[in-house]
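Per-entry structural report
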Amino acid sequence: MNPVFEIQLIAVLVSVACALPGVFLVIRGMAMMTDAITHTILLGIVVAFFITQDLNSPLLIVGAALVGILTVWLTELIHQTKLLDKDASIGIIFPLLFSIAIILITRYAGDVHLDTDSVLLGELAFAPFDRLILFGIDVGPQAIYSMAAILILLLLFIGFFYKELKLTSFDALLAASLGFSPVLLHYALMSLVSVTAVGAFEAVGSILVVAFMVGPPVSAYLLTNRLSYMLGISAALGAVNSLIGFQLSMYFDVSIAGMIAVVTGLTFIVIFIFSPKKGFIYELHRKKRQKKILKKALESNHLS
Amino acid sequence: MDVLSALFFDYTFQVVVFGSSILGLLSGVIGSFAVLRKQSLLGDAVSHAALPGICLAFILTSNKQMEILLLGALISGLLATWLIMVIVKHSKVKFDSALALTTAVFFGLGLVLLTFIQKSPNSNQAGLEKFIFGQSSTLLERDVRIMFLVGIVLLIVVIAFWKEFKLMAFDHSFATSIGLPVYWMNSLLATLTVIVIVMGLQSVGVILMSSLLIGPAVAARQWTNHLSIMVVLAAIFGCVSGIIGTMISSLGQQIPTGPTIVLIISSIVLISILFAPSRGIIWKLIKNMQRKKEFASQLKKGG
């Protein structure tokens, strides 16, 4: 495998892995929670690193997932006091946890490869440098294996709990009355989101994980009303965005993940404008037609 | 004592403290309206969206002068705000999805432009990435003077449109029905928000600016039900956080200013949520207990 192929493979794996849980986040109106989680997992990584002193320890992922859950829990905790609305609760909790992480890093981890820049910005081009070596044989970049594992985990989770996820996403009350626990599923989903974000952030950076998680699902949302189609379309869109974004970034010699995010925005805008039944043009057309019908109806009423 | 003497004698320190306090004050005032209108996280989007504007302004002018960069930030911040509004108005996409998408995509564009600049031969380019985290120590007297002037203009605008803003914060549909130009008022308020965020980019950076906007306002909201008191309190909270945060971070070598300010704001929010009279959690607990006692004693009397 040459590096160019490896990078594209990683990009596709990352974007598909992000697009799948993203669908449920968008449907549940939790898009901004991804923004919060992708920032705060940094705290989990830092604390786990202080404990293990090893940047490759699997405990880092555990720490990140725990802080992801902590973020969601704290946000809901202060939202439940009814003193703050949901937006403000998110906006209070995540900068706080994120600030603690930054202070810890600048004070105590200045000389480690854990600088905030690499966490926030990421660099896909560096991903192939980190090789997985099994029994002395180089079997390819580590990111391919970790992202593939996360993707399989996600597919298993979604496959196994598809009905429950569908029900709790669209009608949490009904789900609860039928005996499912929306809360448990909610936190399971959020831990998976954190794990996916940790797997992805080194390659694409915290903030762009949000583009990968929200972009394709929102675009797919404008194309279909069916959950299964939405999952398929957003995974496909994620993959296509990555490949186009990669080619463009090579051409202009710029940040790969950044370019994929830009392409994600562009495909959204194209779908937003041209989508049949849910697009901008269709809507304008529909409004015009309605006005005409209304006008006709009014005229005929007056005349008769 | 070192900090105190610096407060009186160290010139650079005074400039930074003054800058942070102006920033905190303005964020408190403008943030109050954002929080009441349930648009707290718009600040997060706008501050991320400023990055491509900063880069583009640099590419077009190859000038690193603060005003030019911030003008770019202002334009792209407004563009992002407008895009979010258009997406929400003309499709089934919800506000938070549109917000998250716009935030991340604009930031991605910023990164693309940043890497493009870094690979260009222009030697003048270093330091643009400082906007992501901000660095208060780079504040110059000139910057603070501009912040001061812009701040006064902002406050005058807020006072001049006080009634309109108040109406829009509490009863949007009523404001529309009595014929207020709601669209323009919205845009004016959005513009003021973007201006404050852009001013904060240099000192606290993209990521922490949103907390400066939300925190003081949310804390102030707990202490009062009057808009005017809330705005004044938020201004004081913001100002105090700016000053204390800067002081603490100057105590040690390795304490970043932005995050320290955020910690101070968060403490003020926590104290307000817990202890504010009539709304605070502890107040409510005490009241509940009193009520129970009264009820119990009444039961006894009755029985």
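Residues numbered from 1 in each chain as written. Chains lettered and ligands numbered in written order. Predicted model: local features only at pLDDT ≥ 70, side-chain atom pairs only at ≥ 80, totals over all residues. Heavy atoms only, no water.

We now examine the overall build of chain A. Scanning chain A for helices and strands turns up 13 helices and two strands. On the principal axes, the C-alpha backbone points of chain A span a range of 90 × 50 × 35 Å. Counting the 304 residues in chain A, one finds 54% classified as buried. At a minimum sequence separation of 6, the contacts of chain A that also span at least 24 residues come to 70%. Split by element, the accessible area of chain A, about 13900 Å² in all, is 70% carbon and sulfur. Averaging the positions of the 18 positive and the 18 negative side-chain charges in chain A gives two centres separated by 24 Å. (Helix = DSSP H or I, 4+ residues; strand = E, 2+ residues; numbered from the N terminus. Buried < 20%, exposed > 50% of the residue type's maximum accessible area, 1.4 Å probe, protein only. Contact = heavy atoms within 4.5 Å. Areas by Shrake-Rupley, 256 points an atom, 1.4 Å probe, with all protein chains shown as cover. Lys, Arg positive; Asp, Glu negative; His and termini not counted. Charge placed at Lys NZ, Arg CZ, Asp CG, Glu CD.)

Let us now look at the pattern of salt bridges. All names here are of chain B. Scanning the entire structure with this criterion turns up two salt bridges over all chains. In this structure, R145 engages E141 in a salt bridge whose closest nitrogen and oxygen atoms are separated by 2.4 Å. Of this pair, R145 and E141 both sit in helix α7 (residues 141–160), separated by four residues, roughly a single helical turn. (Salt bridge = Lys/Arg side-chain N within 4 Å of Asp/Glu carboxyl O.)

Moving on: the nonpolar core. Within the largest apolar cluster, 178 residues are counted, with the highest numbers of intra-cluster contacts made by A:L124 and A:V204. In this structure, A:L124 is in contact with A:I7, A:I10, A:A11, A:A203, A:V204, A:I256, A:A257 and A:I260, ignoring residues within four places of it in sequence. (Core = buried A, V, L, I, M, F, W, Y, C linked by side-chain atoms within 4.5 Å.)

A word on the packing of helix α4 (residues 66–90) of chain B against helix α5 (residues 95–119) of chain B. Residue and element names in this part refer to chain B. Following both chains from N to C, one finds α4 and α5 inclined at 145°, their axes separated by 9 Å at the closest point. Along this stretch, α4 crosses α5, giving a crossing that reads as right-handed. Residues S76, L79, A80, L83, I84, I87 and V88 of α4 touch α5, and the partners they reach there are F95, A98, L99, T102 and F106. In the contact of α4 with α5, the residues fall into ten nonpolar, two polar and no charged. (Axes fitted to C-alpha atoms, helices over the stretch in contact; angles between N-to-C directions. Left-handed = near helix turned anticlockwise from the far one by under 90°. Nonpolar A, V, L, I, M, F, W, Y, C, P; charged D, E, K, R; others polar.)

Residues and elements named next belong to chain B. The end-to-end C-alpha separation of helix α2 (residues 11–36) is 38 Å, in line with the 38 Å expected for 26 residues at 1.5 Å each. Helix geometry: α2 is bent most strongly at I30, by close to 30°. For α2, a buried count of 21 out of 26 residues is recorded, marking the element as mostly surrounded by other parts of the structure. Taken from the residues just after α2, K38 is the one with a positive phi, measuring 55°. (Expected span 1.5 Å × (residues − 1). Bend = angle between axes of the 7 residues up to and from the residue.)

The next point concerns the packing of aromatic side chains. Residue and element names in this part refer to chain A. On inspection of all chains with the given rule, the structure shows eleven aromatic pairs over all chains. Taken together, a centroid distance of 5.0 Å and an interplanar angle of 85° make the contact between Y251 and F252 edge-to-face. Under the relative-accessibility criterion, F252 is labelled partly exposed at 45%. (Phe/Tyr/Trp six-rings, centres within 6.5 Å; stacked < 30°, edge-to-face > 60°.)

Angle between the axes and distance between the axes are the two parameters that describe a pair of packed helices. Residues and elements named next belong to chain A. Between helix α7 (residues 162–170) and helix α11 (residues 227–252), the least distance of the axes is 11 Å, while the angle of their chain directions is 100°. By the criterion of interaxial angle, the relationship of α7 to α11 is roughly perpendicular. Between α7 and α11, the contacting residues are Y162, K166 and F170 on the first element and L227, S228 and L231 on the second. Here the contact of α7 with α11 is built from residues that sort into four nonpolar, one polar and one charged. (Parallel < 35°, antiparallel > 145°, perpendicular 65-115°, else oblique.)

The next thing to look at is the interface of chain B and chain A. On the chain A side, the residues contacting the 53 residues of chain B number 55 residues. Carbon and sulfur atoms make up 74% of the surface buried where chain B meets chain A, a total of about 4800 Å² over both sides. There are one salt bridge connecting chain B and chain A. A salt bridge links A:D85 to B:K38, with the nearest nitrogen and oxygen atoms 3.8 Å apart. Between chain B and chain A we count four residue pairs in polar contact (both at pLDDT 80 or more) in total. When residues of the side of chain B that touches chain A are traced back to their parent elements, those giving at least two are α3 (42–61), α4, α5, α6 (130–133), α10 (182–223), α12 (257–275) and α13 (281–302) of chain B. For the side of chain B that touches chain A, the element with the most residues is α5(B), which contributes 16 residues. Counted by class, the side of chain B that touches chain A contains 30 nonpolar, 15 polar and eight charged residues. (Buried area = accessible area lost by both parts, 1.4 Å probe. Polar contact = N/O pair within 3.5 Å; in protein donor to acceptor, adjacent residues only side chain to side chain.)

So, on to a nonpolar patch on the surface. All names here are of chain B. Together, V232, I236, V240, I244, I248 and L251 give the surface a local cluster of nonpolar side chains, amounting to about 480 Å² of exposed area. Among the secondary structure elements, I244 is positioned in helix α11 (residues 227–251). For I244, a relative accessible area of 33% gives the class partly exposed. (Patch = residues over 30% accessible without salt bridge, like charges linked within 9 Å, V, L, I, M, F, W, Y side chains within 5 Å.)

Residues and elements named next belong to chain A. Note that V204 resides in helix α9 (residues 182–204). On the accessibility criterion, V204 (1% relative accessible area) is buried. In sequence terms V204 and V14 are 190 residues apart; their C-alpha atoms lie 8.5 Å from each other.

Moving on to the pairing of strand β2 (residues 137–141) of chain A. Residue and element names in this part refer to chain A. Pairing of strand β1 (residues 131–134) with β2, which is carried by three bridges, proceeds in the antiparallel orientation. Of the residues in β2, the one forming a bridge with L134 is I137. Between β1 and β2, which pair antiparallel and follow one another directly, the connecting turn spans two residues, one of which, F135, has a positive phi of 50°. (Pairing = 2+ DSSP bridges.)

Across chain B, the average pLDDT comes to 85, with 91% of residues at 70 or higher. Confidence estimates for the predicted assembly give a pTM of 0.87 and an ipTM of 0.88. (pLDDT = per-residue confidence, 0-100.)

Here A:I244 is to be found in helix α11. On the basis of relative accessible area, A:I244 is assigned to the partly exposed category, the value being 38%.

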